[in-house]
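Understanding the architecture of this molecule
Spelled out from the first residue to the last, the chains are:
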Amino acid sequence: MIKFCRYIWVVFFLLVGNQSVGQYYNLTFRNHSSYSGLTQSEIESIYEDSRGFLWIGTHFGLSRYDGREFRNFYHHVDDPSTLGDNIINAIDEDSEGNLWMALYNIGFCKMNPLNSRFTNYRSAGPGTLINEKVEALIVDRKNRVWLGTEEGISIFEPAKGNYINIAQFIPGQKPINV
């Protein structure tokens, strides 16, 4: 009798276990490329903003994906209100909804998503951005923009318009990876 009850329980759990809702996933994936509207297939950064848009930084501009279609942004030499460079290394958002982007060789930029205008920031000598090749970027709770460059770390305070350089690598010194 004990063997029979054990057999019933095993059969019961095998049948019910396969029907468990918590273990069933119905995932679907869609692949996107330049054929579906993405600026380029070589992606450097991806960020989801507070409004649910997916921002994709590539080697040929910035793409915003709303779940259906892409809207693309590019660098235009004759228009300073566009992206400063087409290679986007990192993307983050401040508490006001502005997007900040690390650019490959031109410093960094801020995008106002309401009017799609960009403000570009470059090194202008001592007391400014250490190096224009910004590889990492993050915005902290105080809306300060932390910038990781090839030569050190800078903090940009947009409210004051100034930089704090907290680390600078010595030429020939092995870089610090965080």
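Refer to the preceding data block for the structure.
All of these numbers come straight from a predicted model, not from anything done at the bench. (Residues numbered from 1 in each chain as written. Predicted model: local features only at pLDDT ≥ 70, side-chain atom pairs only at ≥ 80, totals over all residues. Heavy atoms only, no water.)

1. Focus on the side chain of D94
Take D94: it is sitting in the loop between β5 (88–93) and β6 (99–103). There is no salt bridge for the buried D94, and the closest opposite charge comes from K110, which lies 6.2 Å off by N-O distance. Looking at D94, its side chain comes within polar contact range of the main-chain nitrogen of E96, at 3.0 Å. A distance of 3.0 Å separates the side chain of D94 from the side chain of W100, its partner in a polar contact. (Helix = DSSP H or I, 4+ residues; strand = E, 2+ residues; numbered from the N terminus. Buried < 20%, exposed > 50% of the residue type's maximum accessible area, 1.4 Å probe, protein only. Lys, Arg positive; Asp, Glu negative; His and termini not counted. Salt bridge = Lys/Arg side-chain N within 4 Å of Asp/Glu carboxyl O. Polar contact = N/O pair within 3.5 Å; in protein donor to acceptor, adjacent residues only side chain to side chain.)

2. Description of the pairing of strand β7 (residues 108–112)
As judged from the 4 bridges shared by β6 and β7, these two strands associate in the antiparallel manner. The residue of β7 that forms the bridge with A102 is F108. Once β6 ends, the chain turns through 4 residues before running back antiparallel as β7, passing G107 with a positive phi of about 90°. Pairing between β7 and strand β8 (residues 117–121): 5 bridges, direction antiparallel. Considered in β8, the bridge of C109 is made with N120. Hairpin connection of β7 to β8: 4 residues between the antiparallel strands, including S116 at a positive phi of 60°. (Pairing = 2+ DSSP bridges.)

3. Focus on the sheet that holds strand β4 (residues 70–73)
Ordered in space as β1-β2-β3-β4, the 4 strands form an open sheet in which the pairing is antiparallel. At either margin of the open sheet sits one strand with a lone partner, and together these are β1 (43–48) and β4. Here the strands of the sheet are splayed against their neighbours by 20° on average, with no regard to which way each runs. Pairing analysis gives 5 bridges linking β1 to strand β2 (residues 54–58), with the strands arranged antiparallel. Across the sheet, I43 pairs through a bridge with T58, a residue of β2. (Axes fitted to C-alpha atoms, helices over the stretch in contact; angles between N-to-C directions.)

4. Things to note about the packing of aromatic side chains
Scanning the model with the defined rule gives 12 aromatic pairs in all. One aromatic cluster is present, formed by W100, F108, Y121, F156 and Y163 through successive ring pairs. In this structure, R64 packs its charged tip against the face of F53, placed 4.2 Å from the ring centre. (Phe/Tyr/Trp six-rings, centres within 6.5 Å; stacked < 30°, edge-to-face > 60°. Lys NZ or Arg CZ within 6 Å of the ring centre and 35° of its normal.)

5. Some thoughts on the environment of N115
Mapped onto the fold, N115 is located in the loop between β7 and β8. Judged by its relative accessible area of 43%, N115 is partly exposed. Among the polar contacts made by the side chain of N115, one reaches the main-chain amide nitrogen of R117 at a distance of 3.0 Å.

6. Things to note about the nonpolar core
With 14 residues, the main nonpolar core has L62, L83, I91, M101, M111 and F118 as its most contacted residues. Contributing elements (two or more residues each) for this core: β5, β6 and β7. Broken down by element, this core gets its largest block of residues, 3 residues, from β6. The contact partners of M111, leaving out residues within four places of it in the chain, are W55, L62, F73, N98, L99, M101, S116, R117 and F118. (Core = buried A, V, L, I, M, F, W, Y, C linked by side-chain atoms within 4.5 Å. Contact = heavy atoms within 4.5 Å.)

7. Some thoughts on the pattern of salt bridges
Scanning the entire structure with this criterion turns up 5 salt bridges. A salt bridge links D140 to R144, with the shortest nitrogen-to-oxygen separation between them at 2.8 Å. Of the residues examined, R144 reaches a relative accessible area of 22% and is grouped as partly exposed. One continuous salt-bridge network, built from bridges that share partners, spans D49, R51 and E93.

8. A look at the sheet that holds β5
One open sheet accounts for 4 strands, arranged β5-β6-β7-β8; its pairing is antiparallel. Two strands in the sheet have a free side with no partner beyond their single neighbour: β5 and β8. Strand after strand, the sheet turns through a mean of 20° between neighbouring axes, direction not considered.

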